[in-house]
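Descriptive analysis of the structure
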Amino acid sequence: MKVLPIFAGIVDAGVTPERVGELTRAGIPVDRIAAHKDSADPWADGAPYRAGYKERQALRASQGWITQDEVRPWAYTQDTYRAGKDAK
């Protein structure tokens with residue numbers, strides 16, 4: 001995956017750095033930011049991506065790539081993703 005076209009698409013779409021942060025914390029991958037730039041509910045739009053993250057964590061643990069203690073939930077919640085504060 002080439003990152004420069006992805007970043008160019010974000011810039012061309014007029015997405016601010018703050019909005020990029022909000023969308024990625026909601027779970028939206030960087031390569032999908034431009035498509036979700038006008039999202040009214042980033043948390044809902046990020047749900048499938050966060051679910052995929054959770055599935056990959058479980059798979060890695062089941063395959064022995066990480067221990068069960070290393071499985072981590074998504075770092076943000078619906079209440080914290082906009083401000084950028086970890087859910088910890």
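Before reading on, note that the structure itself is shown above.
Owing to the predicted nature of the structure, the values given are computational and were not obtained by experimental measurement.

A closer look at the overall build of the chain
Each helix and strand in the chain was counted, giving 3 helices and 0 strands. In terms of principal-axis extent, the alpha carbons of the chain reach across some 40 × 30 × 20 Å. In the chain, the proportion of contacts linking residues at least 24 apart, taken out of those at least 6 apart, comes to 31%. As displayed, the chain offers around 6100 Å² of accessible surface, 56% of which is attributable to carbon and sulfur atoms.

A closer look at the pattern of salt bridges
Applying the stated criterion across every chain, the model contains 3 salt bridges. Note that glutamate 22 and arginine 82 form a salt bridge whose closest N and O atoms lie 2.5 Å from each other. Within this pair, whereas glutamate 22 is found in helix H2 (residues 17-25), its partner arginine 82 is found in the segment after helix H3 (42-62), the two being separated by 60 residues in sequence. The buried category is assigned to glutamate 22, whose relative accessible area is 13%.

Quick word on the environment of arginine 60
Following the sequence through the fold, arginine 60 ends up in helix H3. Residue arginine 60 is classed as partly exposed on the basis of its relative accessible area of 37%. C-alpha separation for the pair arginine 60 and valine 71, spaced 11 residues apart in sequence, amounts to 8.5 Å. Those residues within four positions of arginine 60 in sequence are excluded, and the remaining contacts are Trp65 and Ile66.

Re the side chain of glutamine 57
Note that glutamine 57 resides in helix H3. Judged by relative accessible area, glutamine 57 falls into the buried class, the value being 8%. At 2.9 Å, the side chain of glutamine 57 forms a polar contact with the backbone nitrogen of arginine 72. Ignoring any residue separated from it by four or fewer positions in sequence, one finds glutamine 57 in contact with Ile66, Glu70, Val71 and Arg72.

Thoughts on the packing of aromatic side chains
Tallied over the entire structure, the rule returns 2 aromatic pairs. Its end group placed over the ring of tryptophan 43, arginine 50 keeps NZ or CZ at 3.5 Å from the ring centre.

What counts, and at which threshold
Residues numbered from 1 in each chain as written. Predicted model: local features only at pLDDT ≥ 70, side-chain atom pairs only at ≥ 80, totals over all residues. Heavy atoms only, no water. Helix = DSSP H or I, 4+ residues; strand = E, 2+ residues; numbered from the N terminus. Contact = heavy atoms within 4.5 Å. Areas by Shrake-Rupley, 256 points an atom, 1.4 Å probe, with all protein chains shown as cover. Salt bridge = Lys/Arg side-chain N within 4 Å of Asp/Glu carboxyl O. Buried < 20%, exposed > 50% of the residue type's maximum accessible area, 1.4 Å probe, protein only. Polar contact = N/O pair within 3.5 Å; in protein donor to acceptor, adjacent residues only side chain to side chain. Phe/Tyr/Trp six-rings, centres within 6.5 Å; stacked < 30°, edge-to-face > 60°. Lys NZ or Arg CZ within 6 Å of the ring centre and 35° of its normal.

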